[in-house]
Amino acid sequence: MLCSASKRTCATLSVLGYRPILLKTPKRVKLGDVKHTNSIRRTQGCAAASASDGSSNSSSVSKTISLEDSLANAAQLATNLFPLWAVIAGILALINPSLFTWFKMSYVTWGLAFSMMGMGFTMKFADFTSVFTTTPQLLLLGLALQFSVMPLLGYALSRYAGLEAGLAIGMCVLSSCPGGTASNIVAYIAKGEMGLSIMMTMASTLAAIVMTPLLTALLAGTLVPVDPKALFLSTMQVVLLPVVAGAVLNQKFPATIARVSRFSPLAATLVIVLIVGSTLSHSAEAAKRCGLQLVGAVGALHAAGFAIGYSVSKALGLSDKIARTNSIEVGMQNATLGAVLAGLHFADPLVATPCAVSSCTQSIMGSLIAAFWRATVVEKEKPEDKRMA
């Protein structure tokens, strides 16, 4: 009854022009639907918060990477100034030896091993063979000059430069050493062939495991008894084992080592500077007493190495870029290795003095030559450098 009356009333109102307002009955909402809705809202809120956190974390990571890049660039700049730090350390060691006498021989040995491990960080196992198979003619030329011309020059200077016995032995030790890692920095400044420079340093370092003890025994053995077996074991400990250890770490943890390698050259530079200062500080008086004579002999050794490396390369028809690289690799020795071997196997502290003087002398000479080449080399050299036939 009520229903039909209601319908008639609505019809009447409609005829009169009125539109009735119909109230909908509220839909009953289940408890499960409410929970589902609240869950969706919470999820959306978490997603928004997560996006915000992600953006914040991304910004934080970006800032960290930017800071790391800045520090790496600063470390690279400081590393490139190695010659300056070596000269400053040498001068301070002569003026005030006590600044470096705390850096004992055991520290020197471990320091050199650490530096060699830094070289290993740049290598993998395949590099130990490829270093001798990539451009073998150029590597053989560099090794031949490194382990023939330099030892002969060192021997001649040790006999005829009028040096004391300990210094003469030190010249033989120095000239028997491989190329030093500082040569890579100098080659970079001189616009040399960086790939060849690094390969020659690695090749001569590996060859030094046998050649340095052998040559030292042959040359210095004429002046004082030398134990080649002990020299060989020491070279293994401070050269081969650290390099292999660095290569193993690089093989196993490439991402981590790649980041560490951005700063290891600076750490190695600091260690080498300390070794220079320590070596000179233990024989400061003798170095000052025969300073000009010793610097003249060491300077003549490196100057001849620079000149012969360049002139032989040009005579063989190699490009100027290759000739500059050979000049630097032959003229610069791993004087730090010489200082360590001298300190371990010779009682006279004078034996290590030429190696310490060499670190300063060759750094200055190499930097000056590199700066000259960098300023004067303006022609564009072809990527395909002329090789030996």
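Residues numbered from 1 in each chain as written. Predicted model: local features only at pLDDT ≥ 70, side-chain atom pairs only at ≥ 80, totals over all residues. Heavy atoms only, no water.

## A word on the pattern of salt bridges
And then number 1: A complete count under the given rule lists 5 salt bridges for this structure.
And then number 2: The partner of Glu68 in a salt bridge is Arg259, with the nearest N and O atoms 2.3 Å apart. With Glu68 in helix α2 (residues 31–80) and Arg259 in helix α11 (residues 254–260), this pair connects stretches of sequence that are 191 residues apart.
And then number 3: For Arg262, the salt bridge goes to Asp69, with nearest N and O atoms at 2.9 Å. You can see Arg262 sitting in the loop between α11 and α12 (264–281) and its partner Asp69 sitting in helix α2, a full 193 residues away along the chain.
And then number 4: Since its relative accessible area comes to 30%, Asp69 is described here as partly exposed.
And then number 5: Overlapping salt bridges, with partners in common, bring together Glu68, Asp69, Arg259 and Arg262 in one network. (Salt bridge = Lys/Arg side-chain N within 4 Å of Asp/Glu carboxyl O. Helix = DSSP H or I, 4+ residues; strand = E, 2+ residues; numbered from the N terminus. Buried < 20%, exposed > 50% of the residue type's maximum accessible area, 1.4 Å probe, protein only.)

## Quick look at the nonpolar core
And then number 1: In this structure, Phe82, Met171 and Ile328 are the most contacted members of the largest nonpolar core, which totals 75 residues.
And then number 2: Those residues in contact with Met171 that lie beyond four places of it in its chain are Gly154, Leu157, Ser158, Leu163, Ala297, Val298, Leu301 and Pro354.
And then number 3: With 9 residues, the next largest nonpolar core counts Cys172, Ala220, Ala342 and Phe346 among its residues. (Core = buried A, V, L, I, M, F, W, Y, C linked by side-chain atoms within 4.5 Å. Contact = heavy atoms within 4.5 Å.)

## Some words on the confidence of the model for the protein
And then number 1: Predicted confidence across the protein gives a mean pLDDT of 77, with 77% of residues reaching 70 or more.
And then number 2: Under a pLDDT of 50 for its full length, residues 1–26 has, in the predicted model, 1 contact with residues more than four places off or in other chains.
And then number 3: Note that pLDDT drops below 50 for residues 382–389; the model gives that stretch 16 contacts with residues more than four away or on any other chain. (pLDDT = per-residue confidence, 0-100.)

## Thoughts on empty space enclosed by the protein
And then number 1: One pass over the structure, following the stated rule, counts 3 cavities of 30 Å³ or more.
And then number 2: Lining of the largest cavity is provided by 17 residues; of these, Ala182, Ile272, Gln333, Asn334 and Thr336 occupy positions nearest its centre.
And then number 3: Elements represented by at least two residues in the lining of the largest cavity include exactly α4 (105–120), α8 (182–189), α16 (335–345) and α17 (353–376).
And then number 4: Counted by class, the lining of the largest cavity contains 7 nonpolar, 10 polar and no charged residues.
And then number 5: As a volume, the second largest cavity reaches approximately 60 Å³.
And then number 6: Every residue along the wall of the second largest cavity is listed here: Gly142, Leu143, Gln146, Gly179, Met200, Ser204, Glu329 and Val330.
And then number 7: Elements with a minimum of two residues in the lining of the second largest cavity: α6 (136–160), α9 (194–220) and α15 (320–331).
And then number 8: When residues of the lining of the second largest cavity are assigned to their parent elements, the largest contribution, 3 residues, is made by α6. (1 Å grid on protein atoms, 1.4 Å probe; cavity = no way out; pocket = protein on both sides within 12 Å on 5 of 7 lines; lining within 4 Å. Points joined across faces, edges and corners; volume = space filled by probe spheres on them. Nonpolar A, V, L, I, M, F, W, Y, C, P; charged D, E, K, R; others polar.)

## Description of the layout of surface pockets
And then number 1: Its volume calculated, the largest pocket comes out at about 680 Å³.
And then number 2: Elements with a contribution of two residues or more to the lining of the largest pocket: α2, α4, α8, α9 and α12.
And then number 3: Residue contributions to the lining of the largest pocket peak at 5 residues, all from α12.
And then number 4: Of the residues that constitute the lining of the largest pocket, the class distribution is 12 nonpolar, 12 polar and 1 charged.

## Considering the packing of aromatic side chains
And then number 1: Throughout the structure, instances matching the rule amount to 3 aromatic pairs.
And then number 2: Relative to Phe103, the ring of Trp102 has its centre 5.4 Å away and its plane inclined at 85 degrees; by these criteria the two rings are edge-to-face.
And then number 3: Overall, Trp102 belongs to the partly exposed group, its relative accessible area being 47%.
And then number 4: An aromatic cluster is defined as three or more aromatic residues linked by ring pairs; in this entry it consists of Trp102, Phe103 and Tyr107. (Phe/Tyr/Trp six-rings, centres within 6.5 Å; stacked < 30°, edge-to-face > 60°.)

## Quick look at the side chain of Asn250
And then number 1: By the element assignment, Asn250 lies in helix α10 (residues 228–252).
And then number 2: Here Phe121 takes part through its backbone oxygen, which lies 3.2 Å from a polar atom of the side chain of Asn250. (Polar contact = N/O pair within 3.5 Å; in protein donor to acceptor, adjacent residues only side chain to side chain.)

## Things to note about the packing of α8 against α9
And then number 1: Between α8 and α9, whose axes approach to 9 Å, the crossing angle comes to 165 degrees. In terms of axis orientation, α8 runs roughly antiparallel to α9. The handedness of the crossing between α8 and α9 comes out as right-handed. Facing α8, whose interface residues are Ser183, Asn184, Ala187 and Tyr188, α9 presents Met194, Ser197, Ile198 and Thr201.
And then number 2: Residue classes in the contact of α8 with α9 are distributed as 4 nonpolar, 4 polar and no charged. (Axes fitted to C-alpha atoms, helices over the stretch in contact; angles between N-to-C directions. Parallel < 35°, antiparallel > 145°, perpendicular 65-115°, else oblique. Left-handed = near helix turned anticlockwise from the far one by under 90°.)

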